[in-house]
Each structure stands twice: as C-alpha cells, then as structure tokens.
Amino acid sequence: DPKIIQKPKYLVAVTGSEKILICEQYLGHNAMYWYRQSAKKPLEFMFSYSYQKLMDNQTASSRFQPQSSKKNHLDLQITALKPDDSATYFCASSQDLGYEQYFGPGTRLTVL
Amino acid sequence: GDSVTQTEGLVTLTEGLPVMLNCTYQTIYSNPFLFWYVHYLNESPRLLLKSSTDNKRTEHQGFHATLHKSSSSFHLQKSSAQLSDSALYYCALSDRGNNAGAKLTFGGGTRLTVRP
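Residues numbered from 1 in each chain as written. Chains lettered and ligands numbered in written order. Predicted model: local features only at pLDDT ≥ 70, side-chain atom pairs only at ≥ 80, totals over all residues. Heavy atoms only, no water.

Some words on the overall build of chain B
Next, step 1: When its secondary structure is counted, chain B shows zero helices and 12 strands.
Next, step 2: Shown N-terminal to C-terminal, the secondary structure of chain B runs as helices and strands in the order β-β-β-β-β-β-β-β-β-β-β-β.
Next, step 3: Taken over the C-alpha atoms alone, chain B extends approximately 45 × 30 × 20 Å along its principal axes.
Next, step 4: Residue burial in chain B is summarised as follows: out of 116 residues, 47% are buried.
Next, step 5: Nonlocal contacts in chain B, meaning residues at least 24 apart in sequence, comprise 56% of its contacts between residues at least 6 apart.
Next, step 6: Accessible surface for chain B amounts to roughly 5600 Å². Of this, 48% is attributable to carbon and sulfur atoms. (Helix = DSSP H or I, 4+ residues; strand = E, 2+ residues; numbered from the N terminus. Buried < 20%, exposed > 50% of the residue type's maximum accessible area, 1.4 Å probe, protein only. Contact = heavy atoms within 4.5 Å. Areas by Shrake-Rupley, 256 points an atom, 1.4 Å probe, with all protein chains shown as cover.)

Notes on the state of the cysteines
Next, step 1: Within the structure shown, the criterion is met by two disulfides over all chains.
Next, step 2: One disulfide in the model links A:C23 with A:C91; its S-S distance is 1.9 Å. On the sign convention where negative is left-handed, the bridge of A:C23 and A:C91, at about -70° about the S-S bond, is left-handed. Taken together, the residues span a long stretch of sequence, with A:C23 in strand 3 (residues 19-25) and A:C91 in strand 9 (residues 87-94) at a distance of 68 residues. A:C91 carries the same exposure label as A:C23, and that label is buried.
Next, step 3: The residue that forms a disulfide with B:C23 is B:C91, at a sulfur-sulfur distance of 1.9 Å. Since a negative S-S torsion denotes a left-handed disulfide, the B:C23-B:C91 link at about -65° is left-handed. With B:C23 in the loop between strand 3 (19-21) and strand 4 (24-26) and B:C91 in strand 10 (residues 87-94), the pair connects residues that are 68 residues apart, well separated along the chain. (Disulfide = S-S within 2.5 Å.)

Considerations on the confidence of the model for chain B
Next, step 1: Summing up the model confidence of chain B, the mean pLDDT is 90 and the portion of residues at 70 or higher is 95%.
Next, step 2: Strand 9 (residues 76-78) of chain B holds the highest mean pLDDT among the elements of chain B, 98, whereas strand 11 (residues 104-106) of chain B holds the lowest, 84. (pLDDT = per-residue confidence, 0-100.)

Describing the sheet that holds strand 7 (residues 64-67) of chain A
All names here are of chain A.
Next, step 1: Within the open sheet, the four strands sit side by side as 1-3-8-7. Their pairing is antiparallel. Single-partner strands in this sheet number two, and they are strand 1 (4-7) and strand 7. In this sheet, adjacent strand axes meet at a mean angle of 15° when their direction is disregarded. (Pairing = 2+ DSSP bridges. Axes fitted to C-alpha atoms, helices over the stretch in contact; angles between N-to-C directions.)

Some remarks on the nonpolar core
Next, step 1: Grouped together as the largest cluster of nonpolar side chains are 25 residues, with contacts concentrated most on B:L34, B:W36, B:L48, B:L76 and B:Y89.
Next, step 2: Those elements that place two or more of their residues in this core are strand 2 (10-14), strand 3, strand 5 (33-39), strand 6 (46-50), strand 8 (63-66), strand 10 and strand 12 (110-115) of chain B.
Next, step 3: Other than its neighbours up to four places away in sequence, B:Y89 contacts B:Q6, B:L21, B:W36, B:Y37, B:V38, B:Y40, B:L48, B:F63, B:L76, B:G109, B:T110 and B:L112.
Next, step 4: Core analysis: the next-biggest nonpolar cluster, separate from the first, contains 20 residues, A:W34, A:M46, A:F47 and A:I78 among them. (Core = buried A, V, L, I, M, F, W, Y, C linked by side-chain atoms within 4.5 Å.)

Thoughts on the sheet that holds strand 9 of chain B
Residues and elements named next belong to chain B.
Next, step 1: If you walk across this open sheet you meet the four strands as 3-9-8-7, and the pairing is antiparallel. Edge positions in the sheet fall to strand 3 and strand 7 (57-60), since each has one partner strand and no second. Recorded for the sheet is a direction-independent mean angle of 20° between the axes of neighbouring strands.
Next, step 2: Pairing of strand 8 with strand 9, which is carried by three bridges, proceeds in the antiparallel orientation. When the bridges of strand 9 are listed, A65 appears paired with L76.

Description of the pairing of strand 8 (residues 75-78) of chain A
All names here are of chain A.
Next, step 1: Along strand 8, one buried face is formed by D75 and Q77 and the opposite face, lined by L76 and I78, is buried too.
Next, step 2: Strand direction decides the pairing type here: strand 3 and strand 8, joined by three bridges, are antiparallel. Pairing of K19 across the sheet is with I78, part of strand 8.
Next, step 3: When strand 7 meets strand 8, the two strands line up antiparallel, connected through four bridges. What sits directly across from P66, in strand 8, is L76.

Next up, the structure:
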C-alpha cells in the first residue's frame, strides 16, 4: 500500500485558474513538505510543516498556499496559475523536522 | 545559512568504472546529518544513504559514503557503475539539532549517466 498519496497524478490547467494538489501520508510522521521540480532543474524546497504549523516558506509568491486540515494532510493551493508553474510537485514527510524525508509519487502540473 | 555543494552537475561513466559524486557542505552546526537521495526518471526521490558518526562509512545497495567533518564532505562512491545507476543524485544536509526549525537543505544534484 502506498504510504504517501498524491492526487491527481497528472493535472492540466489553463492560465489564470486555481488548482489544489492533495497530499496524504500514512507513515505517522509529524512533519510534511512540498517541493517543486521544473523541467531540467533540481528539486526546489517550497514549504515545511510540523504538527500542522508552517515552519519554513521558501516560495516567494503568495499564490502558493499550503493547507493542513489534518496532521497527515498537507494540500497545496495554487491560484492565478501561470505557464511557469508547470512542474512536478512532490510532497514529502519525515518523522520530525530535519529527519530523513520520504517522498510521494508527485503531481505533474501543466499550465497551458 | 546552511548550504550543500555538488560540484558536478553531469557525470558520464562507462559501465564497470568506479563512481564518485562529490558533496561538501557548510553549516554552523557542529553535528550535521548528511543524506544521499536518488531520483530515477518518472519516479519520486528516495533515500539512498544517511550519515553515521564522523569518519564512519555507511553502505547501502553497493554505494557508500563517509562523513568527514574535517573537510565538510560526504562523497558518494561505488566501486563499479551499473547501467541501472543512471539517475539524479542529491546530497542533503540536516541541522536536526536546531530545534527552532530543522530542515533539509538539498544540493543542486548530479545527473549520473552510465554507458555500456
């Protein structure tokens, strides 16, 4: 059974629209994260949460808003989508902040 | 702040030759934790190795690395490259002891391509 679920696997959106990327982890971890990987670029850290509280935000744009309704959920809302937002978005979790992270399968977002 | 440097962005090797991917780091924390992640195409990154104590070698799936605090390094090595080793490799640093906001800092990644 998958331990970190990301939905959807693929997502196509039009410029200006809004989408929510879903992430759920069943590892019993206390910390969760979002990363982005654009084409031919390395992993880029976006957010970290610990016990549902935002701990670090390295995303310059307020169009990206994480949402944690439960301890094992960390969704990512993206508003006013732009073509440059096209990337694969990975959710990750760890026992606590700073411990080894386990990654989900990713959501590949394409903005037309 | 913390930083991780992977000097080679691209490494191309012939199958059977040894692999060495460089990783150096900077941190004010005296007891850092280092990790290597491997990222295969169309898969998610996964943990390959994590550091042990200073100067102690850790091994997994034929790869090994040794944390050297004296040189702030955690290079990834393998004695003989295989075609299936072709992937993107990330070195990452944790300041776990900093309870105010421990996080992983990733290097820029090294893309390893192994040719027949």
